[in-house]
Amino acid sequence: MDTTSSTPALAGPTPGVEAFTPVQLLRLTQLFASDPALADTLGPDLERPGERSWRLLADSPQLQVWLIRWPVGTGTGWHDHGGARGGFAVVRGTLTEQTRERSVVATELAEGEGQAFGGSHLHDVANLGREVAVSVHAYSPTLAQMTHYDLVDGTLRPSGVEQRPAW
């Protein structure tokens, strides 16, 4: 009996197990966001009133999922995700994502809506609404660092790097 396989070995990581695509990450965040009790798992915002707060929901080398509360007027500033692919969905309230290619484009995202992005994506996410917003974010591989940028004369310029231990 021949025990060798005629199936060629797969090159690279197994999709959805060792590496997730942006679309898979967006679908995952939308699945989390569909849980009506999820937004309340952060508890009261007593630790840092008026600032974003977050909770790590899942963490492995291949996948990381965060729940984030956004008080009115808070935002991330321009940043990347250190090469990680990602997706996020709004659980409650609205968020505005700004991206820049030739010019700055703002997209308002309401409950259940979200965005998927590749490893080179730069954006600024903010709560410009009238109520606290909550969102779910997923990254693959694990988010290890973020480079922050300043928008100067229409150009995004690196202004610092934040490493994971800061979160």
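The structure under discussion appears in the preceding block.
Heads up: these notes are all about the structure in this document. (Residues numbered from 1 in each chain as written. Predicted model: local features only at pLDDT ≥ 70, side-chain atom pairs only at ≥ 80, totals over all residues. Heavy atoms only, no water.)

### What about helix α1 (residues 22–33)?
Quick reminder of the rule: For the purposes of this entry, the term helix denotes a DSSP run of H or I that reaches at least four residues, the term strand denotes a run of E that reaches at least two, and both are numbered from the N terminus. Expected helix span is taken as 1.5 Å per residue step, with the number of steps being one fewer than the number of residues. Burial status follows relative accessibility: with a 1.4 Å probe on protein chains alone, a residue under 20% of its type maximum counts as buried, one over 50% as exposed, and anything between as partly exposed. Summarising the geometry, the arc corresponds to the directions from the helix axis toward the C-beta atoms. Should any heavy atoms of two residues lie within 4.5 Å, those residues are counted as being in contact.
Spanning twelve residues, α1 covers 16 Å between terminal C-alpha atoms, matching the ideal 16 Å at 1.5 Å per step. Taken as a whole, α1 has its buried residues at L25, L26, T29 and A33. Within α1, the buried residues cover an arc of 100° as seen down the axis, which keeps them to one side. Summarising the geometry of α1, the exposed residues directed more than 90 degrees from the buried face are R27 and L31. Buried residues along α1 sit against β4 (85–92), β7 (114–117) and β9 (133–140).

### Quick look at the pattern of salt bridges
Our working rule: Think of a salt bridge as a Lys or Arg side-chain nitrogen and an Asp or Glu carboxyl oxygen that are within 4 Å of each other.
According to the stated counting rule, one finds two salt bridges in the structure shown. Residue R92 pairs with D40 through a salt bridge whose shortest N-O separation is 3.4 Å. A residue pair is termed long-range when its members are at least 10 positions apart, and R92 in strand β4 and D40 in the loop between α1 and β1 (53–59) qualify at 52 residues. A salt bridge links R164 to D59; the shortest N-O distance between them is 2.4 Å. A residue pair is termed long-range when its members are at least 10 positions apart, and R164 in the segment after β11 (155–163) and D59 in strand β1 qualify at 105 residues. Given the relative accessible area of 27%, R164 is considered partly exposed.

### Describing the sheet that holds β11
Definition in use: Pairing between strands is defined by DSSP: at least two bridges between them are needed.
A sheet is described by the order of its strands in space; here three strands give the open sequence β3-β10-β11, paired in antiparallel fashion. Every interior strand has two partners, whereas the edge strands, β3 (78–79) and β11, have only one. Pairing geometry for strand β10 (residues 145–152) and β11, over eight bridges, is antiparallel. Opposite M146, over in β11, you have E162 as the bridge partner.

### Description of the side chain of H79
Applied cut-off: Counting of polar contacts relies on pairs of N or O atoms within 3.5 Å, with two restrictions inside protein: one atom must be capable of donating a hydrogen and the other of accepting it, and residues adjacent in sequence are counted only when both atoms are side-chain atoms.
Tracing the backbone shows H79 in strand β3. Look at H79 and you get buried, because its relative accessible area is 4%. A polar contact of 3.0 Å, which involves the side chain of H79, links it to the backbone oxygen of G77. In terms of polar contacts, H79 uses its side chain to reach the side chain of H81, at 3.2 Å. Once residues within four sequence positions are removed from consideration, H79 is found in contact with H121, L122, H123, M146, T147, H148 and Y149.

### Looking at the environment of V134
Structurally, V134 is set in strand β9. In this structure, the C-alpha to C-alpha distance between V134 and R52, residues 82 residues apart in sequence, is 9.6 Å. Excluding residues that lie within four positions of it along the chain, V134 makes contacts with A39, L67, I68, R69, W70, A89, V90, V91 and R92.

The values reported here are purely geometric and, on their own, carry no functional implication.
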